[in-house]
Amino acid sequence: MDILIQILVTGLTLGAMYALASVGLALIFGTLGMFNMAHGLFMTIGAYAAFSLSGYLGLVLPVGLLIAMAAGALIGVLTHLLIVRFMLTGPNFETNVMVATAGLAILLQDVLLKIFGAYPFTQPVKVEGTIRLAGVAITLQSVVIVAVALVLISAIAFLLLRTRFGMTIRATAMNREAAELMGVRTTRVYLQVMGLAGALAGAAGLMISSLTTLSPQMGGDPLLKAFVICVVAGLGNVWGAGICAFALGLLEATVQFEFGVRFGFPVMLLLVILVLVWRPQGLFGRERVVRL
Amino acid sequence: MSDSQPKAPSRRKFLKTMGISAGSTAMLAGLNQSASAQSSEPVKIGCPAPLTGIVAADGIEFRRGLEMAAEEINAVGGILGRPVELVFVDTESKGDDVVIQAAQRLIDRDKASALVLGYNLETGTALHDVAADSGIVAMHSNTVVAHDELVRSDPEKYWGIFQYDPPETFYGIGFLDFVKGLEDRGEFTRPNNKIAIITGPGTYSTNIANAIKDNADKYGLEVSLFESVNVPISEWGPTLAKVRADEPAIIAVTHFYAADQAQFMNQFMSQPTNSLVYMQYGASLAAFRDIAGVNSEGVIYATVIGALQDEIGSGFAEKYVGKFGDTSSPNGGGQTYQALHAYAVAAALAGGPGEPYEEDRNRMVADRLRNLIYRGPMGTMRINPDGQSAFCYPSQTNDPSLGMPHIFSQIQDKAVGGVLIAPSPYDVGAFKLPSWMKA
């Protein structure tokens, strides 16, 4: 029983971090059809923003979370205004924007390196302490990470499904021209989606850094995992990404316990291969249907 | 290149700067005063270092150590009147390909007379061919037996490549001997005979883990868990679940990244087992204590190249922390600091270093280095001609003045570095049972 709880806690914590990282990535792909290679840096910037301001303000977690999300949203918006919007209507958008955001990631990483150096700082914006469940100690920060992920993903779900704003995003994702004919200002929608995804990335960065450390490279590994999850779920499928993130987190924790830690990620990659062979459109993807 | 007389430092400046490395700096100053400089061109020292990426905490210290040593050397007139100039290339915590390119660039573009570095995340012998083919001296602390094997395979080719600390093979047996010593002195009684070994994927970590595993039974220990982890790793839940399911008397973490080790302790301490926790090298860095905080207290770590806590080592550490701040690590910076000082003395004794491809001159520097017994803040560097690594005390010599000590420390207060608890005569404190263990 103890072991089952420990695996569950680890799996849910990993899943929550993966979900926060992958949902934003899926949202951008679903709406703009672009793979944002700078998404990992959006996470990193969110984490560093909370870290930096905590030194001045002694931030509590909710405020730190808002700052991380604001920083992520800001960098998302700026990325759109300064780079993406100029490429949207050009030829080979998907390839060009991937290269451009990869370049942006390198640039942002170097800027962070210049400002903060490479020292592995610890994230002060987190919750200390443990609770006990059936004799197993669970850190409060793990609980917070899962809670934040569930709240934010639920909020995104509500936003996309129950609001007019969400409807415009879905309409744009389904058919940009048709949405414009219906009066949707799609360029604004793209801007909003970049901001929204950036905010999610900022939150993910704060949560991830609370369990690891801050470094300019900290977004690389989560971006890779988020990409794997998005492929398994079906690129651009927001709900699928959330579900797959938790499922893969639990799978990884189980594999690590049963077969060894070193087999966790290889099994995830094996799963990607199997999914791509069996269902190239992903577990939740649909062929020839614009997904969201 | 213009000729000029070497600059002799003023007595006041000399006394001010000689500080803790008094012996070697004084020797260098003496050589500088008595020599006629051939040139005032700087001596370029190249350093490929992991200044970013997962082991950047170490890379930053390697750079600081070199900067501090270069300042001191230049303050007494450089190497025979030629100032030392450092050139760094970031290897980004990456592997052989990046290290090879970095080393080649330092030699061909920057005309480095020597490469003096700490370790990189490569196979341990990446820069050997680059340096050997360029006819320069290279000094590293990769801490791998692969270095010895390669040098031994072709000593004529690798005459200038030195590992200025002992190879990692001494760690495994040394650790088991250390535990036995604690038990013999009644300082530790194992609650059972199990040992859990957690290693990273690299050769260094794996070799140490295998040495512990292969010799555990000789010390009456049974390996209850042998786990290899991917790096970087922040979520230790599955590994800790196994540890908690079958509590060992000893946990040996040979995966050596400070940040990962700190996260291990943070998660271990939420529900600790009655186990002695040993961590390889990473816990010696200030970043470990910074991240793990109070959870770092009680951890034992070892290194074959760490700052001693005697007059020389403590003096260095004090000056180093004073210069670079509380989050700096003399254990990391001391490596390159000591290496550059040793190189400077050897180069001065040899009549000055050569440029790349000036093999005859650089061979003279290597010969001096090979015969040098250099005492710095990390202990004595004496090169074993068979493999060109430093001798290890006490594993290879029972004379502490003739080998680099394999030191064991315990963090007893997170605010300060670990207390050196073995071997004698360098120990300054006694082992304390960690707070999470039952007496």
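Since this is a predicted model, take the numbers as computed values, not measurements.

### Re the overall build of chain A
- Scanning chain A for helices and strands turns up 11 helices and 2 strands.
- Each of the 292 residues in chain A was classed as buried or not, and the buried ones make up 55%.
- Sequence separation of 24 or more characterises 77% of the internal contacts of chain A that already satisfy a separation of 6 or more.
- Accessible surface for chain A amounts to roughly 12,600 Å². Of this, 70% is attributable to carbon and sulfur atoms.

### Overview of the overall build of chain B
- The number of helices and strands found in chain B is 14 helices and 17 strands.
- The C-alpha radius of gyration of chain B comes to 21 Å, within 12% of the 22 Å expected for a compact globule of 439 residues.
- Based on the C-alpha atoms only, the size of chain B along its principal axes is roughly 70 × 45 × 35 Å.
- Across the 439 residues of chain B, 64% fall into the buried class.

### Observations regarding the side chain of B:S296
- With respect to the element layout, B:S296 can be found in the loop between α11 (286-292) and β10 (300-303).
- A relative accessible area of 0% means that B:S296 is categorised as buried.

### A closer look at the confidence of the model for chain A
Residue and element names in this part refer to chain A.
- Averaged over every residue, the pLDDT of chain A is 90; the share at 70 or more is 96%.
- Taken element by element, the predicted model of chain A shows its lowest mean pLDDT in strand β2 (residues 136-139) (88) and its highest in helix α3 (residues 61-87) (95).
- Confidence drops under pLDDT 50 across residues 288-292; counting only partners more than four residues distant or on other chains, this segment forms 19 contacts.

### Re the pattern of salt bridges
Residues and elements named next belong to chain B.
- One pass over the structure, following the stated rule, counts 18 salt bridges over all chains.
- A salt bridge links E71 to K323, with the shortest nitrogen-to-oxygen separation between them at 2.9 Å. With a gap of 252 residues between them, E71 in helix α3 (residues 56-75) and K323 in helix α12 (residues 311-324) connect regions that are remote in the sequence.
- Taking relative accessible area as the criterion, K323 reaches 36% and is therefore assigned partly exposed.
- Of the charged contacts, one joins K94 and E92 as a salt bridge, the two residues approaching to 2.9 Å between their closest N and O atoms.
- With relative accessibility at 36%, the residue E92 sits in the partly exposed group.

### Side note on the domain arrangement of chain B
Residues and elements named next belong to chain B.
- Domain assignment breaks chain B into domain 1 (11-168 + 309-393) and domain 2 (169-303 + 406-422).
- The distance between the C-alpha centroids of domain 1 and domain 2 comes to 30 Å.
- Listed by partner, the interface residues are 22 residues for domain 1 and 22 residues for domain 2.
- Summed over both sides, the interface of domain 1 with domain 2 buries roughly 1,700 Å², with 60% coming from carbon and sulfur.

### Description of the nonpolar core
- Judged by nonpolar contacts, the single largest core of 89 residues is most densely connected at A:L20, A:M34, A:V84, A:L206 and A:M207.
- Dropping the residues within four chain positions of it, A:M207 is found in contact with A:M17, A:L20, A:L61, A:L65, A:Q141, A:V144, A:I145 and A:V148.
- Residues B:L106, B:A132, B:A342 and B:M381 belong to the second largest nonpolar core, which totals 70 residues.

### Focus: the pairing of β10(B)
All names here are of chain B.
- Side chains I300 and A302 of β10 all project onto a buried face; the interleaved residues Y301 and T303 project onto the opposite face, where all are buried too.
- When strand β9 (residues 276-280) meets β10, the two strands line up parallel, connected through 3 bridges. Directly across from Y278, in β10, lies its bridge partner I300.
- Regarding the hand of the β-α-β motif, the stretch spanning β9, α11 and β10 is right-handed.
- Where β10 and strand β16 (residues 407-410) come together, 4 bridges link them in antiparallel fashion. Bridging from a neighbouring strand, I300 pairs with Q410 of β16.

### Comments concerning the sheet that holds β9(B)
Residue and element names in this part refer to chain B.
- Pairing is mixed across the open sheet formed by 7 strands, whose spatial order is β7-β6-β8-β9-β10-β16-β17. Among the strands making up the open sheet, the edge pair consists of β7 (222-228) and β17 (419-422). The average undirected angle you get between the axes of adjacent strands in this sheet is 25°.
- Set on the sheet, helix α7 (residues 169-184) makes contact with β6 (194-199), β8 (250-253), β9, β10, β16 and β17; between it and β9 the angle comes to about 150°.
- Across the face of the sheet, helix α10 (residues 258-268) comes into contact with β6, β8 and β9 while running at roughly 165° to β9.

### A word on the interface of chain B and chain A
- With 30 residues of chain B in contact, the opposing surface of chain A contributes 28 residues.
- Around 2,400 Å² of area is buried between chain B and chain A when both sides are counted, 58% of it from carbon and sulfur atoms.
- Ranking the residues of chain B by area buried against chain A places B:E235, B:P238 and B:Q271 at the top, with a combined share of 22%.
- Taken together, the links from chain B to chain A amount to 12 residue pairs in polar contact (both at pLDDT 80 or more).
- Sort the elements by how many residues they give to the side of chain B that touches chain A and helix α9 (residues 237-245) of chain B lands first, with 8 residues.
- Looking at the side of chain B that touches chain A, its residues break down into 14 nonpolar, 11 polar and 5 charged.

Definitions and limits used
- The residue count restarts for each chain, going from 1 along the sequence in the order it is written.
- Lettering for chains starts from A, numbering for ligands starts from 1, and both go in the order in which the items are written.
- Local features are withheld for residues below a pLDDT of 70 in this predicted model, meaning they are given only at 70 or higher, and side-chain atom pairs are given and counted only at 80 or more; totals for whole chains, interfaces and linings count all residues.
- To obtain the side-chain values, all non-hydrogen atoms of the structure were used and water was disregarded.
- We count a stretch as a helix when DSSP gives it H or I for four or more residues in a row; a strand needs E for two or more, and each element gets its number in order from the N terminus.
- Under the scheme applied here, a residue whose accessible area is under 20% of the maximum for its type counts as buried, over 50% as exposed, and between as partly exposed, the area being computed with a 1.4 Å probe on protein chains only.
- Contacts were defined at the residue level, with two residues in contact if any of their heavy atoms lie within 4.5 Å.
- Accessible areas in this description were obtained via Shrake-Rupley with a 1.4 Å probe; residue shielding takes into account the shown protein chains only.
- Our radius of gyration looks at C-alpha atoms and nothing else; its globule reference is 2.2 Å times the residue count to the power 0.38.
- pLDDT measures how confident the predictor is about each residue, on a scale from 0 to 100.
- The rule for a salt bridge is simple: a side-chain nitrogen of Lys or Arg has to be within 4 Å of a carboxyl oxygen of Asp or Glu.
- By convention here, the domain bounds are inherited from an automatic or database domain assignment.
- As a working definition, buried area equals the accessible area (1.4 Å probe) given up by two parts on being put together, with both sides summed.
- Residue types Ala, Val, Leu, Ile, Met, Phe, Trp, Tyr and Cys, when buried and joined through side-chain atoms within 4.5 Å, form a set referred to as a nonpolar core.
- In this scheme, strands are said to pair when DSSP sees at least two bridges between them.
- Seen with the strands pointing away from the viewer, any crossover whose path from the first strand over the helix to the second strand runs clockwise is right-handed.
- Note on definitions: angles span 0 to 180 degrees between N-to-C directions of axes, and those axes are lines fitted to C-alpha atoms, for helices only across the stretch in contact.
- Polar contact is the term for a pair of N or O atoms within 3.5 Å; when the atoms are in protein, one must be able to donate a hydrogen and the other to accept it, and sequence-neighboring residues count only if both atoms are side-chain atoms.
- Three residue categories are used. Nonpolar comprises Ala, Val, Leu, Ile, Met, Phe, Trp, Tyr, Cys and Pro, charged comprises Asp, Glu, Lys and Arg, and polar comprises the others, including Gly.

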